[in-house]
Amino acid sequence: MDNILFIAFFFYLAGAIAFMASYWFDSVRSMRAGVFLLTAAFSLQTLGLMSRGLAAGRLPSSSLYEFMFLFSWGISLIYLLAGQRYRFQATGLVVAPLQVILMAYGLTGLQEVKPLVPALQSVWLQIHVVMAISAYSLFALSFASALLFLFNVKRQNKLLSNFNPEKTSYQAAAWGFPFMTLVLLTGAIWAEQVWGAWWTWDPKETWALITWFIYAIYLHLYRGQPWTARAKAWVAVAGFAAVMFTLLGVSLLMPGVHSYL
Amino acid sequence: MEHFLKRFTAISTSMLILAICSFLLLIAIYLPEKGTLLVRAFCLSLLGINLLACILKRLGTRNKWSLRRIGILVFHTGIILLIIALLYNLQTEKTYVELAEDQARNLKQMGYPVSLKVERVRLEFHPGGSVKQYYTRVSLIENGQVLKQAEISVNHPLVYKGLKVYQTAFKPGTTGNISGLTIKSSQGLEIAGLGALFLLTGSVGLARRR
């Protein structure tokens, strides 16, 4: 069944290329093709992840490979759900290549289905992961909108003219923030159950807290003093950089209790 | 003084403090132990004091009370509670003991008038042969009387009054299996739990449109 996930990966790759082409050639048709390819990829990915989850009898989220595919699935879900309502489609320009990179990195990990070690057998951990996927996917959309905004200033593009990147970036982050709060809380509950230490200041925890801080700053920039839209967009970009570092950089550079992922 | 307070409780000041604390907390990972503790205590105190000042300042204004405003108040109070819990948490101690089957340890010097006895240690395996779970049947004994008996495992600690016992490690021994147990007090957890509850309920109010 893993072949399905591999095929989905190529659909994402094709989708990313279609989105790039739509930007370079300013082509609405190419963007529609991109959305179609992403939808197809998402459907295949749903099938692949479901069969994997059923085979293992748990959420497919306990290795780098599984987490990356689940993460990109989450991004697609939110992209497609919100796409119609907020005219989010243009964000595919950033989102699709991002998903390709995430999955390509996931493919470098072990792909076999392994039983869980005792520490990972917890309901709280599963909730923790679901919350993380939700928060990070929303932050990815916020990042995509902010990046498009930063680009749009330089180049007026027909594709970007019909959506409000500043507003969507804020809204996605505002939705993501409570989920990020839940990531920290459920993580703390699980840590208390498994180690007897709800907060240990391990590098991953510290970085997750800092990610939460950056998004708190971002949301507060919209109240009080007038900040330029560009400054706000850069904070949204910094927030997602912190997300990626929390997720990948910490595991690569700073070993700690989160060595499972 | 009034001018300083006005500046101190401005959103931009709070955000600056938040940014500086983010940076300091990152550096703290690489400092020697004492420095780490000091930096964390400093950041937490600064954030807590600033947040408290902001809350009191905004309580004083005559704005209309809405569900959103209550949500914001509850949410930020929750953060203060968690900061207090984190400050308390900076110095809580855990004890690790290794006990073989039928061995007991008196916890008197830890402040508990009980002794912890390991009755039986066992393992459960996955079909593939890897370990599924470690189990230890433990008893808490006071003056020869069993107060509580339970089988603990990873993710399922024993909780008795202010005491928590965790399954941490496992070693096969010559006379019987040896279980590695972590013992700690559950003090301070109530504040953290209350803080978490405040964050959750506050979020609901925050979701209301301005």
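Residues numbered from 1 in each chain as written. Chains lettered and ligands numbered in written order. Predicted model: local features only at pLDDT ≥ 70, side-chain atom pairs only at ≥ 80, totals over all residues. Heavy atoms only, no water.

1. Focus: the overall build of chain B
Move 1: Per the secondary structure count, chain B includes five helices and eight strands.
Move 2: Beginning at the N terminus, the succession of helices and strands in chain B can be written as α-α-α-α-β-β-β-β-β-β-β-β-α.
Move 3: Relative to the compact-globule value of 17 Å for 210 residues, chain B shows a C-alpha radius of gyration of 23 Å, a clear excess of over 25%.
Move 4: C-alpha atoms of chain B, sized along the principal axes, occupy 70 × 45 × 40 Å.
Move 5: With 210 residues in all, chain B has 40% of them scored as buried. (Helix = DSSP H or I, 4+ residues; strand = E, 2+ residues; numbered from the N terminus. Rg over C-alpha atoms; globule rule 2.2 N^0.38 Å. Buried < 20%, exposed > 50% of the residue type's maximum accessible area, 1.4 Å probe, protein only.)

2. As for the sheet that holds strand β3 (residues 115-125) of chain B
All names here are of chain B.
Move 1: In spatial order, the strands read β2-β3-β4-β5; together these four strands make up an open sheet with antiparallel pairing. In this open sheet, the two strands that pair with only one neighbour each are β2 (104-106) and β5 (145-153). With direction set aside, neighbouring strand axes in the sheet form an average angle of 20°.
Move 2: For strand β4 (residues 131-142) and β5, the ladder comprises eight bridges, and the chain directions are antiparallel. Each bridged residue has a counterpart across the sheet, and for V138 the counterpart in β5 is A150. (Pairing = 2+ DSSP bridges. Axes fitted to C-alpha atoms, helices over the stretch in contact; angles between N-to-C directions.)

3. What about the pairing of strand β7 (residues 163-171) of chain B?
Within a regular strand, side chains alternate between the sheet's two faces.
All names here are of chain B.
Move 1: Note: strand β6 (residues 158-160) against β7, three bridges, orientation antiparallel. Bridge pairing in β7 links V159 to K164.
Move 2: Between the end of β6 and the start of β7, which pair antiparallel, lie two residues, with K161 showing a positive phi angle near 50°.
Move 3: In the sheet, β7 pairs with strand β8 (residues 178-185) via eight bridges, with the strands oriented antiparallel. The residue bridging K164 from the neighbouring strand is K184, located in β8.
Move 4: In this antiparallel pair of consecutive strands, β7 and β8, the connection spans six residues.

4. Some remarks on a positive patch on the surface
Move 1: A cluster of like positive charges, contributed by R223(A), K6(B), K57(B) and R58(B), occupies part of the molecular surface.
Move 2: Assignment of secondary structure puts R58(B) in helix α3 (residues 33-60).
Move 3: R58(B) sits in the partly exposed class, given a relative accessible area of 37%. (Patch = residues over 30% accessible without salt bridge, like charges linked within 9 Å, V, L, I, M, F, W, Y side chains within 5 Å. Areas by Shrake-Rupley, 256 points an atom, 1.4 Å probe, with all protein chains shown as cover. Salt bridge = Lys/Arg side-chain N within 4 Å of Asp/Glu carboxyl O. Lys, Arg positive; Asp, Glu negative; His and termini not counted. Charge placed at Lys NZ, Arg CZ, Asp CG, Glu CD.)

5. Let's talk about the packing of aromatic side chains
Move 1: Under the counting rule described, the total for this entry stands at 21 aromatic pairs over all chains.
Move 2: Seen in terms of ring centroids, F6(A) and F9(A) are 6.4 Å apart; in terms of plane orientation they differ by 20°. Their pairing is stacked. Note that F6(A) and F9(A) are positioned in helix α1 (residues 2-24) at a spacing of three residues, about one turn of the helix.
Move 3: You can call F9(A) buried: its relative accessible area is 10%.
Move 4: Arranged with centres 5.5 Å apart and planes meeting at 75°, the rings of F9(A) and F10(A) form a pair that is edge-to-face.
Move 5: Members of the aromatic cluster, joined through ring pairs, are F177(A), W212(A), F213(A) and F75(B). (Phe/Tyr/Trp six-rings, centres within 6.5 Å; stacked < 30°, edge-to-face > 60°.)

6. Quick notes on the sheet that holds β8(B)
Move 1: Read across the open sheet, the four strands follow the order β1-β8-β7-β6 (chain B); overall the sheet is antiparallel. In this open sheet, the two strands that pair with only one neighbour each are β1 (94-100) and β6 of chain B. Averaged over all pairs of adjacent strands, the angle between strand axes in this sheet comes to 25°, irrespective of strand direction.
Move 2: Pairing geometry for β1(B) and β8(B), over seven bridges, is antiparallel. Looking across to β8(B), one finds that A100(B) is bridged to I178(B).
Move 3: In the packing of helix α6 (residues 165-194) of chain A onto the sheet, contacts are made with β7 and β8 of chain B, and the angle to β7(B) comes to roughly 70°. (Contact = heavy atoms within 4.5 Å.)

7. Considerations on the layout of surface pockets
Residue and element names in this part refer to chain B.
Move 1: Looking at the second largest pocket, its volume works out to about 670 Å³.
Move 2: Lining the second largest pocket are 27 residues, and of these N89, L90, Q91, T92 and E93 sit closest to its centre.
Move 3: Listed by contribution, the elements that provide at least two residues to the lining of the second largest pocket are α3, α4 (67-89), β1 and β8.
Move 4: Ranked by residue count, the leading element in the lining of the second largest pocket is α3, at four residues.
Move 5: Partitioned by chemical class, the residues of the lining of the second largest pocket number 11 nonpolar, 10 polar and six charged. (1 Å grid on protein atoms, 1.4 Å probe; cavity = no way out; pocket = protein on both sides within 12 Å on 5 of 7 lines; lining within 4 Å. Points joined across faces, edges and corners; volume = space filled by probe spheres on them. Nonpolar A, V, L, I, M, F, W, Y, C, P; charged D, E, K, R; others polar.)

8. Re the interface of chain A and chain B
A common way to express how large an interface is: the accessible area buried when the components associate.
Move 1: At the interface, 37 residues of chain A touch 44 residues of chain B.
Move 2: The largest contributions to the chain A side of the interface with chain B come from P118(A), W198(A) and W201(A), which together make up 22% of the buried area.
Move 3: Applying the counting rule to chain A against chain B returns two salt bridges.
Move 4: With a shortest N-O distance of 2.8 Å, E192(A) and K164(B) are connected by a salt bridge.
Move 5: Scanning the region where chain A abuts chain B turns up 12 residue pairs in polar contact (both at pLDDT 80 or more). (Buried area = accessible area lost by both parts, 1.4 Å probe. Polar contact = N/O pair within 3.5 Å; in protein donor to acceptor, adjacent residues only side chain to side chain.)

9. Re unusual backbone geometry
Move 1: With a phi close to 55°, D26(A) is a non-glycine residue in the positive phi region.
Move 2: Mapped onto the elements of the fold, D26(A) is located in the loop between α1 and α2 (28-56).
Move 3: Positioned with a positive phi, D102(B) is a non-glycine residue whose angle comes to about 70°.
Move 4: The topology assignment puts D102(B) in the loop between β1 and β2.

10. Some points on the packing of helix α7 (residues 203-220) of chain A against helix α2 (residues 11-28) of chain B
Move 1: Viewed as axis vectors pointing N to C, α7(A) and α2(B) meet at an angle of 160°, and their least axial separation amounts to 10 Å. Between α7(A) and α2(B), the crossing angle belongs to the class labelled roughly antiparallel. Note that α7(A) runs across α2(B); the crossing there is left-handed. Residues T206(A), W207(A), L209(A), I210(A), F213(A), A216(A), I217(A) and H220(A) of α7(A) form the contact with α2(B), whose participating residues are I11(B), M15(B), L18(B), A19(B), S22(B), L25(B) and L26(B).
Move 2: Residue composition of the contact of α7(A) with α2(B), by class: 12 nonpolar, three polar and no charged. (Parallel < 35°, antiparallel > 145°, perpendicular 65-115°, else oblique. Left-handed = near helix turned anticlockwise from the far one by under 90°.)

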